[in-house]
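Geometric and topological summary
Listed below, chain by chain, are the residues.
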There are 4 protein chains.
Amino acid sequence: MLFILKHGVDYSTLNEKLKESSASYKFLDLYGKKIVIAWPDAYVENITDPSIEIAVKPKRPFQLASNEWKKEPTEVDVKGVKIGGDKVVVAAGPCAVEDEEQVLTVAKAVKRAGASLLRGGAFKPRTSPYSFQGLGEKGLQILRKVGDEVGLPVVSEIMDTRQIDMFKKYVDMLQIGARNAQNFDLLKVAGQSGLPVLLKRGMGNTVEEWILTSEYILSEGNGNVVLCERGIRTFEKATRFTIDIGGMVAAKLQTHLPICADPSHPAGKRELVHSLALASVAAGADMLLIEVHPHPEKALSDSEQQLTPESFEVLMNRIKALTNALGRTA
Amino acid sequence: MLFILKHGVDYSTLNEKLKESSASYKFLDLYGKKIVIAWPDAYVENITDPSIEIAVKPKRPFQLASNEWKKEPTEVDVKGVKIGGDKVVVAAGPCAVEDEEQVLTVAKAVKRAGASLLRGGAFKPRTSPYSFQGLGEKGLQILRKVGDEVGLPVVSEIMDTRQIDMFKKYVDMLQIGARNAQNFDLLKVAGQSGLPVLLKRGMGNTVEEWILTSEYILSEGNGNVVLCERGIRTFEKATRFTIDIGGMVAAKLQTHLPICADPSHPAGKRELVHSLALASVAAGADMLLIEVHPHPEKALSDSEQQLTPESFEVLMNRIKALTNALGRTA
Amino acid sequence: MLFILKHGVDYSTLNEKLKESSASYKFLDLYGKKIVIAWPDAYVENITDPSIEIAVKPKRPFQLASNEWKKEPTEVDVKGVKIGGDKVVVAAGPCAVEDEEQVLTVAKAVKRAGASLLRGGAFKPRTSPYSFQGLGEKGLQILRKVGDEVGLPVVSEIMDTRQIDMFKKYVDMLQIGARNAQNFDLLKVAGQSGLPVLLKRGMGNTVEEWILTSEYILSEGNGNVVLCERGIRTFEKATRFTIDIGGMVAAKLQTHLPICADPSHPAGKRELVHSLALASVAAGADMLLIEVHPHPEKALSDSEQQLTPESFEVLMNRIKALTNALGRTA
Amino acid sequence: MLFILKHGVDYSTLNEKLKESSASYKFLDLYGKKIVIAWPDAYVENITDPSIEIAVKPKRPFQLASNEWKKEPTEVDVKGVKIGGDKVVVAAGPCAVEDEEQVLTVAKAVKRAGASLLRGGAFKPRTSPYSFQGLGEKGLQILRKVGDEVGLPVVSEIMDTRQIDMFKKYVDMLQIGARNAQNFDLLKVAGQSGLPVLLKRGMGNTVEEWILTSEYILSEGNGNVVLCERGIRTFEKATRFTIDIGGMVAAKLQTHLPICADPSHPAGKRELVHSLALASVAAGADMLLIEVHPHPEKALSDSEQQLTPESFEVLMNRIKALTNALGRTA
């Protein structure tokens, strides 16, 4: 149950009434509104109070992320870059930060081609302990420096709750990866940080579970979440993961949050990336996350699926043509 | 192993040499060429003969369907409608043929909006024996009559080998459904019929298995096959099936056959059909198969996912805008 | 809706009443009872008649296969071998019939070790048209001959409706394979044949769909169906298919039909077959279907997963120990 | 590459040689041996040194967990309870710790029936932020107190790296849950803690990825890992998850680590728990993890799948009969 409250009024009587009920509840500031969120199993429908502007009982298990109460799409602002509006925002950069020159080369190229955000991994979640684990804080420093130099806000993946203060120093947007999609303590910490969050879907998670992970962030009072589809686990092995375009569309019909698609990871091979990127945009994605490397064949991770800067430029031009045809921009 | 033979020469010496080897092989007429297909495990690499123009050893388990030997895309001709060229071909019509008026209403509407083929089920594969099983031969008669009246070639699903002569009388293109995707006797009969075949992927089949089902048809000398992605079984339940856009793209990279997408079945709900159709076209689909019903809510099957004629027209306009932007037509 | 009727009374008045309703319905002889099955969407709850002994409205989509009306487990009788009672019945034999000596060797060995049925494929559904397709009718003749000689009823897979008369001549039990699990015309023909049917689950089918395929057979008046779990398609590739022990148990809780497990196909490798067979029996399987070949490494199909006769004997001894511990026999 | 070293010799020359190569490597104490683990891509095959007893190059991506070098099964010792030997060890207890009385009641009952370990969740990973999140540290205190009182070592799930010192105070074995299965920082911390770890498989992880998660723990010098299968995500919805018995057997063939099965979570319904538990034991599980609650219908989480103490006792008796038949104990 959600109570959207009037501005500048006294909430103490309402608070008393809620205390008297057996309900679990919380006062939140979200999207410029004062809100009371009561847990779905709480019986608070009968509570009335002059401070309540609107009362809504969402039918879905995610309440704050549902478009049942917030019908207009949410725009997430990453240092001036607006995700969720007419423009399809593209974040590009290497899978892993390797050195400053690599990142700088890519950053300049992707900016020129039309990317609005710089991505790059400093802490890498790797299936094997013997794979390259990333440069760590040094990687974040490089990313920050290059981002400032080139003029692109930066996004990078956080892997552990203990890293949050470090990330606050360096990045403009936190990424939570597929393997930590249900690391609930990390979600809470990301929520508390106030930073915009790019929230990937776990490879074994349903659309409902995915949106529920955003609820962990929103219920900390942080509404700046972009949901990112990156492929699910299915029996098909011709691709690395199965990009769930249908699930992305189903999510968009249920939430006000913007949706991002990552075509690089499900593709697994760069020959497929263009087609999956275009399909995602045609299906309604608000943002794309694309891996670009100056020399993909020498990359320390995901060498098979990263685009060259040249190929990325071709893709951007196709995306622009596509968005024009669909009444959007890129 | 494939031997592409010269035209108008004597093959008898080559035939002798093949007989002497222990190879399984077959002479075929395919795509205007005389071809010898030798089973993948046959050792015939050393055979030489003046009648051989080119010898190719495809690395993939499907040989005839592979673009390793036939690099140019195949155009399948359904009574003048070319599938596999610049134009994205749309087949539309009701899930099930219910009566003549229903089919006629839909046929006129979809033709006006730009569809090139009329689809409609007369024999319906239903999960339950208690669901509507289709009108049978009467359904085919209606489809034929309406197709002729409106000027649209017709496609309908065959379910059993014993129906082949009946289908030859009424349809311009056979459809083989997901549930019969590995009914190998039916595939052989469809191959022998010479009719163009719209071949759906089984909901539990890999891309490789899907293309291999076309090999059953091609190896009967029938090259007129369109591969149709219609969604696979995954853990996600927000959609009826998971449309495998990545698998579709992976298939396109391996075969010369045209690819069709069916956005209606994976959607399960009509709200998703537009987005999935557009995504399929953006990913490179050569054809779309879309369910349209004059009154979807009264449909005897798949009432949730069929579009109204009005909604279909809107979709066709969006598809045309999209194909223009991508350098194709619709 | 099911009406179980009294014996030896007049059903004509009831038939009139049913005709007057708009219901689809059918009179059946099943499990020694006269039954009226009305389609689930028929409104016949109000019909009363002296000929009706019991009226049941099953809540599940499968009506005849449901244990809501037939609470006692069904025993399927294959020429005297009872499947579905205390004894766990084992059917064993080669994946494919290759020659008489091969089948005879295996048949003697598996009988000695405790198998009750002889299995062997004569028509083989193969993913590739270039794989061994089976000996055809000759294979059935060998199977019949060896079965008679050794004293084991035989079961073999039928692939096409046009083969039914041939199969009636040679086999004691029809097998319908995973790839034809939703070949509904074949299911109907198998139902009409009156032969016991070993009905495999499609690799992409849910438990509910699987049981519904048996409903196609039962609603033809043939109640002799054994449901066979043989592995489903999942993302896991350490095994060929994922044996769904949980699905098997879930099926057993909903139907009166006996359940068989095929540990050979999901294993894919013979090292796993023993463990999967024992797990299936511990979970409650009434029957096992196991591939045994005198020289697995030379087998023309599925060479990786077939057991040697020696290994099969070891397995049978372990199965016997296990069933004793669980209060059954083998 | 693994070098198993001689005891009590000088490793400094070997260390020099390794430094000179470009290899990443690490000295470890594991299973009573001094070991050098070199990353799989390191070229150190040519290194010889008197301190090396055996050099092994495992072919699998997990090296320390592979049975290529350690052929005898590992026994994990949890305060005297040995997991991985003849005895099938059962850990039982409530899904979530609710209060002391609840835990005490269950602990006494499961001990009496034959359980060797007490399980109970204090920090609960919940899909929704509005579901019961556990009692936190208070839950661990209750668990510890009851465990001591009843005489059962305790196991509980850790969710975040920051909790490690707290867990060290209270538990005898850490559990890492399915949702944190690829929380690599947590795996490292668990490895460093030296505590035995019950490591669940992620619901979207392959067998190979699952064993690789144990490699993160082993490569910190902690060899006390039990791998726990708890069901994977598939299209089947008759059960909550699909217990992957085949994957469990495949794992056992590749690793020396003991395997645990959790039949409660994949079952989702208590009617299925017995059968899945028995199947797991028959397939070779070394341990079972079973949810038991004094009043399952009132449980604050997973109320559908928890057994009553009475039902647990019946199950234990069946397990004992089964293990006797298979030459083990319980």
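Residues numbered from 1 in each chain as written. Chains lettered and ligands numbered in written order. Predicted model: local features only at pLDDT ≥ 70, side-chain atom pairs only at ≥ 80, totals over all residues. Heavy atoms only, no water.

1. So, the interface of chain D and chain C
Facing the 35 residues of chain D at the interface are 35 residues of chain C. Between chain D and chain C, the buried area comes to about 2500 Å², and carbon and sulfur atoms account for 76% of it. Applying the counting rule to chain D against chain C returns 2 salt bridges. Among the salt bridges present, the one from D:Arg201 reaches C:Glu236, with a minimum N-O distance of 2.7 Å. Counting the contacts that link chain D with chain C gives 4 residue pairs in polar contact (both at pLDDT 80 or more). For the side of chain D that touches chain C, the secondary structure elements donating two or more residues are helix H7 (245-252), helix H9 (270-283) and helix H10 (309-325) of chain D. It is H9(D) that contributes the most residues to the side of chain D that touches chain C, 8 residues altogether. Of the residues in the side of chain D that touches chain C, the class split is 20 nonpolar, 9 polar and 6 charged. (Contact = heavy atoms within 4.5 Å. Buried area = accessible area lost by both parts, 1.4 Å probe. Salt bridge = Lys/Arg side-chain N within 4 Å of Asp/Glu carboxyl O. Polar contact = N/O pair within 3.5 Å; in protein donor to acceptor, adjacent residues only side chain to side chain. Helix = DSSP H or I, 4+ residues; strand = E, 2+ residues; numbered from the N terminus. Nonpolar A, V, L, I, M, F, W, Y, C, P; charged D, E, K, R; others polar.)

2. A closer look at the pattern of salt bridges
If you walk through the whole model with that rule in mind, you get 83 salt bridges over all chains. The closest approach of N and O atoms between B:Arg144 and B:Asp148, which form a salt bridge, is 3.0 Å. Placement of the pair is B:Arg144 and B:Asp148 together in helix H3 (residues 137-150), with a separation of 4 residues, close to one helical turn. Overall, B:Asp148 belongs to the partly exposed group, its relative accessible area being 48%. Close ionic contact of D:Glu291 with D:Arg119 constitutes a salt bridge, the shortest N to O distance being 4.0 Å. Placement of the pair is D:Glu291 in strand E14 (residues 287-291) and D:Arg119 in strand E8 (residues 117-119), with a sequence separation of 172 residues. One salt-bridge network, in which partners are shared between bridges, spans A:Lys79, A:Arg144, A:Asp148 and A:Asp172. (Buried < 20%, exposed > 50% of the residue type's maximum accessible area, 1.4 Å probe, protein only.)

3. Quick notes on the interface of chain A and chain D
You'll often see interface size given as the accessible area lost when the parts meet. The partner chain D presents 36 residues to the 36 residues of chain A that form the contact. Between chain A and chain D the total buried area reaches about 3100 Å² when both faces are included, carbon and sulfur atoms providing 52% of it. Here chain A and chain D share 2 salt bridges between them. Ionic pairing is found between A:Glu209 and D:Arg233, a salt bridge with its closest N-O pair at 2.7 Å. Those elements that provide at least two residues to the side of chain A that touches chain D are helix H5 (184-193) and helix H6 (207-218) of chain A. The residue makeup of the side of chain A that touches chain D, split by class, is 14 nonpolar, 13 polar and 9 charged.

4. Here's the deal with the domain arrangement of chain A
Residue and element names in this part refer to chain A. Looking at chain A, the domain boundaries give domain 1 (2-56) and domain 2 (76-325). Taking only C-alpha atoms into account, the centre of domain 1 sits 35 Å from that of domain 2. Approximately 490 Å² of surface area, both sides summed, lies buried where domain 1 meets domain 2, with 55% of it carried by carbon and sulfur atoms. The tally of links from domain 1 across to domain 2 stands at 1 salt bridge. The partner of Glu220 in a salt bridge is Lys26, with the nearest N and O atoms 3.8 Å apart. (Domains from an automatic or database assignment.)

5. Structural notes on the sheet that holds strand E9 (residues 154-157) of chain D
Residue and element names in this part refer to chain D. Spatially, 8 strands are ordered E7-E8-E9-E10-E11-E12-E13-E14 in a closed barrel, and the strand pairing comes out parallel. On average, each strand axis in the sheet is inclined to that of its neighbour by 25°, with strand direction left out of account. Summarising the sheet, strand E13 (residues 259-261) and E14 pair through 2 bridges and their orientation is parallel. Bridge pairing in E14 links Ala261 to Leu288. Each of strand E10 (173-176) and strand E11 (197-200) is contacted by helix H5 (residues 184-193), which is oriented at about 170° to E10, the strand it contacts most. Of the strands in this sheet, E11, strand E12 (225-229) and E13 touch helix H6 (residues 207-218), which is tilted by about 160° from E12. (Pairing = 2+ DSSP bridges. Axes fitted to C-alpha atoms, helices over the stretch in contact; angles between N-to-C directions.)

6. Some words on the relation of the copies chain D and chain C
The transformation that overlays chain D on chain C combines an axial shift of 0.0 Å with a rotation of 180°, and the residual RMSD is 0.0 Å. What the superposition gives is, in effect, a two-fold axis relating one chain to the other. Among all residues of chain D, the one whose C-alpha sits closest to the rotation axis is D:Ala279, at a distance of 2.0 Å. In this assembly, 100% of the residues forming the interface of chain D have copies in chain C that are likewise at the interface, indicating an isologous arrangement. (Least-squares fit on C-alpha atoms with pLDDT ≥ 70 in both.)

7. Digging into the packing of aromatic side chains
In total, this model carries 24 aromatic pairs over all chains according to the counting rule given. For the pair B:Tyr25 and B:Phe27, a centre-to-centre distance of 6.3 Å together with 75° between the ring planes defines the contact as edge-to-face. Aromatic rings pair up to connect A:Tyr11, A:Tyr25 and A:Phe27 into one cluster. The lysine or arginine in question, B:Arg230, covers the ring of B:Phe241, its NZ or CZ lying 4.1 Å from the ring centre. (Phe/Tyr/Trp six-rings, centres within 6.5 Å; stacked < 30°, edge-to-face > 60°. Lys NZ or Arg CZ within 6 Å of the ring centre and 35° of its normal.)

8. Points about unusual backbone geometry
Residues other than glycine seldom take positive phi values, yet A:Tyr31 does so here, at roughly 55°. Take A:Tyr31: it is sitting in the loop between strand E2 (25-30) and strand E3 (33-38). One non-glycine residue, D:Asp302, adopts positive backbone phi at about 50°. Turning to its location among the elements, D:Asp302 is positioned in the loop between E14 and H10.

9. Some remarks on the side chain of A:Asn67
All names here are of chain A. When you line up the elements, Asn67 lands in the loop between strand E4 (52-56) and strand E5 (76-78). Residue Asn67 is classed as buried on the basis of its relative accessible area, which comes to 18%. At 3.1 Å, the side chain of Asn67 and the backbone oxygen of Leu253 are in polar contact. Setting aside chain neighbours within four positions, we find Asn67 in contact with Arg60, Lys252, Leu253, Gln254, Thr255 and His256.

10. Regarding the sheet that holds strand E8 (residues 117-119) of chain C
All names here are of chain C. Taken in spatial order, the 8 strands line up as E7-E8-E9-E10-E11-E12-E13-E14 and close into a barrel, and their pairing is parallel. Each strand axis lies, on average, 25° off the axis of its neighbour in the sheet, ignoring direction. As judged from the 5 bridges shared by strand E7 (residues 89-93) and strand E14 (residues 287-291), these two strands associate in the parallel manner. The residue of E14 that forms the bridge with Ala92 is Ile290. Sheet contacts for helix H3 (residues 137-150): E8 and strand E9 (154-157); angle to E9, the most-contacted strand, approximately 165°. The strands touched by helix H6 (residues 207-218) are strand E11 (197-200), strand E12 (225-229) and strand E13 (259-261); relative to E12, the strand with the most contacts, the crossing angle is about 160°.

11. Topic: the UniProt feature "domain: DAHP synthetase I/KDSA" (unreviewed entry) in chain A
The UniProt feature table records "domain: DAHP synthetase I/KDSA" (unreviewed entry) at residues 77-320 of chain A. Between the end C-alpha atoms of residues 77-320 of chain A the distance is 21 Å, and the span holds 39% helix and 16% strand. (UniProt positions renumbered as here; feature names shortened; annotations may be inferred.)

12. Re the pairing of strand E11 (residues 197-200) of chain B
All names here are of chain B. Burial of E11 is two-sided: the residues Val197 and Leu199 facing one way and the residues Leu198 and Lys200 facing the other way are all buried. Pairing of strand E10 (residues 173-176) with E11, which is carried by 3 bridges, proceeds in the parallel orientation. In the sheet register, Leu174 faces E11, and the bridge partner there is Val197. As a crossover connection, the stretch from E10 through helix H5 (residues 184-193) into E11 is right-handed. Pairing between E11 and strand E12 (residues 225-229): 4 bridges, direction parallel. Counted as the bridge partner of Leu198 is Val226 from E12. In this fold, E11 hands off to helix H6 (residues 207-218), which returns the chain to E12; that crossover is right-handed. (Right-handed = clockwise from strand over helix to strand, strands pointing away.)

13. Considerations on the relation of the copies chain A and chain D
Under the fitted operation, chain A is carried onto chain D by 0.0 Å of movement along the axis and a turn of 180°, and the coordinates agree to an RMSD of 0.0 Å. Taken together, the interface assignments show that 100% of the residues at the interface of chain A recur at the interface of chain D, consistent with an identical surface on both copies.

14. Considerations on H5(A)
Residues and elements named next belong to chain A. Most of H5 sits out of view: 8 of its 10 residues are buried. Restricting attention to buried positions, one finds in H5 the residues Phe184, Asp185, Leu186, Leu187, Val189, Ala190, Gly191 and Ser193. Its buried side turned inward, H5 meets helix H4 (164-170), strand E10 (173-176), strand E11 (197-200) and H6. Where H5 ends, the next residue or the one after it, Gly194, has phi of about 80°, a positive value.

15. Here's the deal with the environment of D:Glu229
All names here are of chain D. With respect to the helices and strands, Glu229 occurs in strand E12. Take Glu229: its relative accessible area is 0%, and that puts it in the buried class. In this structure, the C-alpha to C-alpha distance between Glu229 and Ala38, residues 191 residues apart in sequence, is 29 Å. At 2.8 Å, the side chain of Glu229 forms a polar contact with the backbone nitrogen of Asp244.

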